[in-house]
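Each chain, written out:
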Amino acid sequence: MMEKIDTCYGPIDAAIFEKLKNIELIIFDVDGTLTDAGVYLDAKDGEYKKFNTKDGLGIMNLLKSGLKAAVITGRTSPLTVRRMKEVHIDYILQGQLDKGPALDKLCNDFNLTPDEIAVIGDDLNDLPLFQRVGFSACPKDAHSYIQKIASIVLHRDGGHGAGRELCDLLMMAHGLLNTDGGPK
């Protein structure tokens, strides 16, 4: 039987924590991961997205701890740039229909190997990342195939705290956060 670690998100396999100890960078998908996958359009050219502030705080805590974060997303939206700047993610690659080359660019720019990178995504366009990084996570409401191949299916839905959950788990594995979610 696999050893479990009790966390504020429920029991997590100890093997997950071992994998997370090697991770230095999280790559976030946006739509369906940091949002609920809804894109609200007005009658003209306006677009609206809802981002979860708990995800944002988790990202800021992660960055403050010395770990890194970046965004690779298939869509292009000024709202994504605005929100990522608010949470202090400076590395944003938008319009990436094939996310594999974007991963290569990140590895080069951050001087990391794919094994030192985690990704959180929710759909089939995230496959090139899932197949190459050291750790993959998806929201609870991700596409069924992505759930099947992810290192972990998180307890939260996209846009409802899945990003925060992964940030917290990474910080727990690195000994930067207690497993009950409280500060060290």
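Provided above is the structure to which this section pertains.
Report on the accompanying structure. Since this is a predicted model, take the numbers as computed values, not measurements.

1. Regarding the packing of aromatic side chains
Centre-to-centre distance and the angle between the planes together describe a pair of aromatic rings.
Reasoning step 1: For the structure on display, the rule yields one aromatic pair.
Reasoning step 2: Pairing Tyr91 with Phe110 gives two aromatic rings, centres 5.3 Å apart and planes at 55°, and the pair type is tilted. On the criterion of sequence distance, the pair formed by Tyr91 in the loop between α3 (78-86) and β7 (92-93) and Phe110 in helix α4 (residues 99-110) is long-range, its members being 19 residues apart.
Reasoning step 3: By relative accessible area, Tyr91 is classed as buried at 17%.

2. Quick notes on the sheet that holds β7
Reasoning step 1: Here we have six strands laid out as an open sheet, ordered β7-β6-β3-β8-β9-β10, and parallel in their pairing. With one partner strand each, in any of the chains shown, β7 and β10 (152-153) form the two edges of the open sheet.
Reasoning step 2: Across the sheet, α4 touches β3 (25-28), β6 (68-72), β7 and β8 (117-120), and the angle it forms with β6 is around 155°.

3. Concerning the environment of Phe135
Reasoning step 1: Position of Phe135 among the secondary structure elements: in strand β9 (residues 135-138).
Reasoning step 2: Taking the C-alpha atoms as reference points, Phe135 and Lys85, separated by 50 residues in sequence, lie 25 Å from one another.
Reasoning step 3: Ignoring anything within four residues of it in the chain, the contact list for Phe135 reads Ile16, Lys19, Leu20, Ile23, Ile117, Ala118, Val119, Ser151, Ile152 and Leu166.

Quick notes on the rules
Sequence order as written defines residue numbering, which begins from 1 separately in each chain. For a predicted model such as this one, the threshold for reporting local features is a pLDDT of at least 70, and the threshold for listing and counting side-chain atom pairs is 80 or more; totals across whole chains, interfaces and linings nevertheless cover every residue. As a rule here, side-chain values come from all non-hydrogen atoms in the structure, and water together with hydrogens is ignored. Here a Phe, Tyr or Trp ring, Trp counted by its six-membered ring, pairs with any other such ring whose centre lies within 6.5 Å, and the pair is stacked when the planes are under 30 degrees apart, edge-to-face when over 60, and tilted otherwise. For helices the rule is a DSSP run of H or I covering at least 4 residues; for strands it is a run of E covering at least 2, with both sets numbered from the N terminus onward. Only protein chains enter the accessibility calculation, which uses a 1.4 Å probe. A residue is then buried if its area is under 20% of the maximum for its type, exposed if over 50%, and partly exposed in between. When DSSP finds at least two bridges between two strands, those strands are taken to pair. Any two residues whose heavy atoms approach within 4.5 Å are treated as being in contact. For every element, the axis is a line fit to its C-alpha atoms; helices are fit only across the contacting stretch, and the angle between N-to-C directions ranges from 0 to 180 degrees.

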